[in-house]
Amino acid sequence: MFDAVERVTVSTDQRVPVVIEAPDPISRAGVISQLRQHPEVDLRDAVKVGPGIVVVLIGESMDEALFTRLRRVVRGEGASAVLVVSAIREAELLDVVECGVGAVVWRHEATAERLLQAVLAASRGQGDLPADLLGRLMSQVSTLQRYAAGRSGAPSSGMSSREVDVLRLVAEGLDTTEIAGKLSYSERTVKYVLQELTTRLCLRNRAHAVAYALREGYL
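Here is what the cut-offs are and how they apply
- Residue positions are given per chain, counting from 1 as you read along its sequence in written order.
- With pLDDT at 70 or above as the cut-off, local features in this predicted model cover only qualifying residues; side-chain atom pairs require 80 or more to be listed or tallied, and sums for whole chains, interfaces and linings still use all residues.
- Excluding hydrogens and water, the side-chain values take into account all heavy atoms of the structure.
- The helix count covers DSSP runs of H or I at least four residues long, the strand count covers runs of E at least two residues long, and both are numbered beginning at the N terminus.
- Summary of the burial criterion: residues with accessible area below 20% of their type's maximum are buried, those above 50% are exposed, and those between are partly exposed, where the area comes from a 1.4 Å probe applied to protein chains only.
- Residue contacts follow a heavy-atom distance rule, with two residues in contact if any of their heavy atoms lie within 4.5 Å.
- A pair of strands is labelled paired if DSSP reports no fewer than 2 bridges between them.
- A right-handed crossover is one whose linking path, passing over the helix from the first strand to the second, runs clockwise when the strands point away from the viewer.
- Axis definition: a line fitted to C-alpha atoms, limited for helices to the stretch in contact. Angles are taken between N-to-C directions and run from 0 to 180 degrees.
- Put simply, angles under 35 degrees are roughly parallel, angles over 145 are roughly antiparallel, angles from 65 to 115 are roughly perpendicular, and the rest are oblique.
- Each crossing gets its hand from how the near helix is turned against the far one by less than a right angle, where anticlockwise is left-handed and clockwise is right-handed.
- Only Asp, Glu, Lys and Arg are considered charged in this grouping, and only Ala, Val, Leu, Ile, Met, Phe, Trp, Tyr, Cys and Pro are considered nonpolar; every other residue, Gly among them, is considered polar.
- Throughout this description, a polar contact denotes any pair of N or O atoms lying within 3.5 Å of each other; where both atoms belong to protein, one of them has to be capable of donating a hydrogen while the other can accept it, and for residues adjacent in sequence the pair is counted only when both atoms sit in side chains.
- By nonpolar core we mean a set of buried residues, namely Ala, Val, Leu, Ile, Met, Phe, Trp, Tyr and Cys, connected to one another through side-chain atoms within 4.5 Å.
- The rule for a salt bridge is simple: a side-chain nitrogen of Lys or Arg has to be within 4 Å of a carboxyl oxygen of Asp or Glu.

(A) Main features of the overall build of the chain. Helices and strands together make up the secondary structure of the chain, namely 9 helices and 5 strands. Counting from the amino terminus, the chain carries its helices and strands in the arrangement β-α-β-β-α-β-α-β-α-α-α-α-α-α. In the chain, buried positions account for 47% of the 219 residues. Intrachain contacts of the chain at a sequence separation of at least 6 include 70% that bridge at least 24 residues.

(B) Local environment of the pairing of strand S5 (residues 103-106). Residues Ala103 and Val105 of S5 are buried on one face, and the alternating residues Val104 and Trp106, pointing to the opposite face, are buried as well. With 4 bridges connecting them, strand S4 (residues 80-85) and S5 associate as parallel partners. Considered in S5, the bridge of Val85 is made with Trp106. Each parallel crossover has a hand, and the one from S4 via helix H3 (residues 90-98) to S5 is right-handed.

(C) Up close: the packing of helix H6 (residues 161-171) against helix H7 (residues 176-183). Running from amino to carboxyl end, H6 crosses H7 at an angle of 130°, the nearest separation of the two axes being 10 Å. Taken together, the axes of H6 and H7 are oblique relative to one another. When the axes of H6 and H7 are compared, the crossing they make is right-handed. For the pair H6 and H7, the contacting residues are Asp165, Val166, Leu169 and Val170 in the first and Ile179, Lys182 and Leu183 in the second. Residues that form the contact of H6 with H7 fall into these classes: 5 nonpolar, no polar and 2 charged.

(D) The side chain of Thr176, seen in detail. By the secondary structure assignment, Thr176 is in helix H7. Polar contacts involving the side chain of Thr176 include one to the side chain of Arg206, which spans 2.8 Å.

(E) Up close: the nonpolar core. Counting residues in each nonpolar core, the largest one holds 51 residues, and the members touching the most others are Met62, Leu83, Ile88 and Leu167. By size, the runner-up hydrophobic cluster in this structure holds 21 residues, among which are Val18, Ala103, Ala118 and Ala122.

(F) Quick look at H6. Buried within H6 are the following residues: Glu163, Val164, Val166, Leu167, Leu169, Val170 and Ala171. Residue Gly173 follows H6 closely and has a positive phi angle near 95°.

(G) Structural detail: unusual backbone geometry. The backbone phi angle of Ser184 is positive, close to 60°, even though this residue is not glycine. By secondary structure assignment, the location of Ser184 is in the loop between H7 and helix H8 (187-200). Ser184 gets classed as exposed once you look at its relative accessible area, which sits at 67%.

(H) Representation of the environment of Pro23. One can find Pro23 in the loop between strand S1 (16-21) and helix H1 (25-35). For Pro23, a relative accessible area of 63% translates into the label exposed.

(I) The arrangement of the pattern of salt bridges in detail. Inspection of the entire model under this criterion finds 10 salt bridges. The salt bridge partner of Glu77 is Arg69, with a shortest N-O separation of 3.2 Å. Taking relative accessible area as the criterion, Glu77 reaches 24% and is therefore assigned partly exposed. Between Arg89 and Glu92 there is a salt bridge, with the nearest N and O atoms lying 2.7 Å from each other. Judged by its relative accessible area of 55%, Arg89 is exposed. One network of salt bridges, in which partners are shared, links Glu21, Arg69 and Glu77.

Shape descriptors only; they carry no functional weight alone.
So this is what it looks like as structure tokens:
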């Protein structure tokens, strides 16, 4: 599910445009200082946020103000988001994913390399969650799967069996290569299935697609 950072030499037009938003100037300056080390990143002022931009949102916890800004960035402005926070409560976890956030960094782990990894993942529409957060998400997946199994039946339309098979493996933490091997598909087919699904249902990324499938009872 989560691909490793690929460190390559990039030209100016290949750099990822990044905007940093924080509730205090010290936090903002700290993240800017970390990301400025990497040529892959094009740091910009928050003059205009939109598609193709990665917004790094910094906070302590998921309060209503941060949730509101998160929804506006992803859903309203069409940007990608990296969330840098100290904690996310269990009740907030799926809500964060459903907002379209696939990249989360704990503040105490926000090194230059870790931030770059999250920014690159967000720019590609991929997921990048801390290991402990991924474990908690998988626990919620298991709980919702047991709940769905006890229901009268899955929805009659919206996702094909192939899409459900791919998303189930995404939810289990497999990456594109592993999913292709499990289902005897090519990697291109797996990427096409996920791209078509997220586009058709207006989902932001793989994590958002998994959250949608769970909420709708497909998984």
